[in-house]
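Residue-level listing of the chains:
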Amino acid sequence: MTIATPEIAYVPLSADYVPESQRSLLRRALIFCRRQPLGTFGMVLVVIMAIAGLCAGWIAPYSPTANDFSAMTEPPSWAHWLGTDQFGRDLLSRIIFGARTALIVGFSCAIIASFTGLVLGVGSAYFGGRLDLCLQGVLDVVMGFPGLILALGVVAIFGTAVHNVIVAITIPLIPRCARVVRSSALAIREVPYIDAARACGFGHTRIILRHMVPNVMAPFLILLTAFVGQAILAEASLSYLGLGVQEPTPAWGLMLQGGAEEYASTAPWIAVFPGLAIALTVFGFSLFGDALRDTLDPKLRDR
């Protein structure tokens, strides 16, 4: 006895077929762009900066450290679109390569500070007791110092290398993330499903990773986005004061330090364009962070 098997018809997919998961992601992106136009503008600024930093070697028309003493303080022209500085270096090339420095410092500080604050905040809220009391006391002491003053002290002690600058900017950001994450985790710790997980015999690691961390990701992502812009601004401030990234590394703060005052009247483009790059980048991350907060926060989503 033979059993007839039904024939399966294979329908060829068209060239413009898009999977359902990609269509859903594209639909959400379009909804975000329509509801958050300022956030979309900030995201575009962030993407432009990221492309400039990652592809600086192919985009920049000149070397950022090449000197042309016959073209010092030359105004913007077809040869040098943003002009040259007091050493004859092309400003456009230095701004593009400076984006790479800002990306390295900004994202490194934001990622390290956010994840460290996430661990401290969730752990402090979950375990409570003396651990929570000691951690909050230490964080309060760190938050008692102004961020820039604390960063200046760290750089003055350990030196002005790039990794020291990253450490100096990261330390003041950790308590802010830890306090915000802890406040969200305290409310989650009291919900019934945490007690149910304990009653089922789940360990602390499973409860924290499976139940508490996913529920604090919204404020965590918002802080991560905001910290990038703040770290870039702090790095530019330290470089302007001479305690950040040092020459010949192209950095926006160094460019302001070299021509902000001495050439303000004779060659203002030396300070205007780096300052504009800093302002647009920080503005872009701020707009994108605000839009991300409005999207992820259920209380603000319907407004």
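Residues numbered from 1 in each chain as written. Predicted model: local features only at pLDDT ≥ 70, side-chain atom pairs only at ≥ 80, totals over all residues. Heavy atoms only, no water.

**Structural notes on the environment of Ala 271**
Rules: Working definition: helices are DSSP H or I runs of at least four residues, strands are E runs of at least two. Numbering for both runs from the N terminus. Burial classification: accessible surface area is computed with a 1.4 Å probe over protein chains only, and a residue below 20% of its type maximum counts as buried, one above 50% as exposed, and the rest as partly exposed.
By the secondary structure assignment, Ala 271 is in helix H12 (residues 269–296). Overall, Ala 271 belongs to the buried group, its relative accessible area being 17%. A C-alpha to C-alpha distance of 6.9 Å links Ala 271 and Met 255, two positions 16 residues apart in sequence.

**Here we look at the confidence of the model for the protein**
Atomic detail in the predicted coordinates should be set aside for any region of low pLDDT. Short version of the rule: A residue's pLDDT is the confidence the predictor assigns to it, expressed on a 0 to 100 scale.
The predicted model of the protein averages 83 in pLDDT, with 89% of residues at 70 or higher. The lowest-confidence element of the protein is helix H13 (residues 298–301), averaging 54 in pLDDT; the highest-confidence one is helix H4 (residues 91–127), averaging 91.

**Some words on helix H2 (residues 37–54)**
Put simply, the rule reads: A helix is expected to reach a length of 1.5 Å times the quantity of its residues less one.
For H2, spanning 18 residues, the distance from its first C-alpha to its last is 26 Å, which sits close to the expected 26 Å at 1.5 Å a residue. All of the buried residues along H2 are Gly 39, Thr 40, Gly 42, Leu 45, Val 46, Met 49, Ala 52 and Gly 53.

**Concerning the nonpolar core**
Selection rule: Nonpolar cores are built from buried Ala, Val, Leu, Ile, Met, Phe, Trp, Tyr and Cys residues. Side-chain atoms within 4.5 Å join them into one set.
Ranked by internal contacts, the top residues of the largest apolar core, which has 62 residues, are Met 49, Val 122, Ile 169 and Trp 252. At 16 residues, H4 tops the list of elements feeding residues into this core.

**Thoughts on helix H9 (residues 204–212)**
Under the convention used in this document: Note: the arc covers the axis-to-C-beta directions of the helix. Contacts were defined at the residue level, with two residues in contact if any of their heavy atoms lie within 4.5 Å.
For H9, the complete set of buried residues consists of Ile 207, Ile 208 and Met 212. The arc enclosing the buried residues of H9, seen along the axis, measures out at 95 degrees, which places them on a common side. Turned more than 90 degrees from where H9 packs its buried face, Thr 205, Leu 209 and Arg 210 sit exposed. Against the buried residues of H9 lie H4, helix H7 (162–189) and helix H8 (192–199).

**Some words on the packing of helix H10 (residues 217–240) against H12**
Heads up, the rule is: Helix axes are fitted to C-alpha atoms over the stretch in contact, other axes to C-alpha atoms as well, and angles between N-to-C directions run from 0 to 180 degrees. Should an angle fall under 35 degrees it is taken as roughly parallel, and over 145 as roughly antiparallel, whereas 65 to 115 is taken as roughly perpendicular and any remaining angle as oblique. All amino acids are sorted into three groups, where Ala, Val, Leu, Ile, Met, Phe, Trp, Tyr, Cys and Pro are nonpolar, Asp, Glu, Lys and Arg are charged, and the leftover types, Gly among them, are polar.
The contact between H10 and H12 brings their axes to 9 Å, and the two run at 170 degrees. Judged by the inter-axis angle, H10 sits roughly antiparallel to H12. Residue-level contacts link Ala 218, Leu 221, Ile 222, Thr 225, Val 228, Gly 229, Ile 232, Leu 233 and Ala 236 of H10 to Ile 278, Thr 281, Val 282, Phe 285, Phe 288, Gly 289, Leu 292, Arg 293 and Leu 296 of H12. A breakdown of the residues in the contact of H10 with H12 according to their chemical character gives 13 nonpolar, four polar and one charged.

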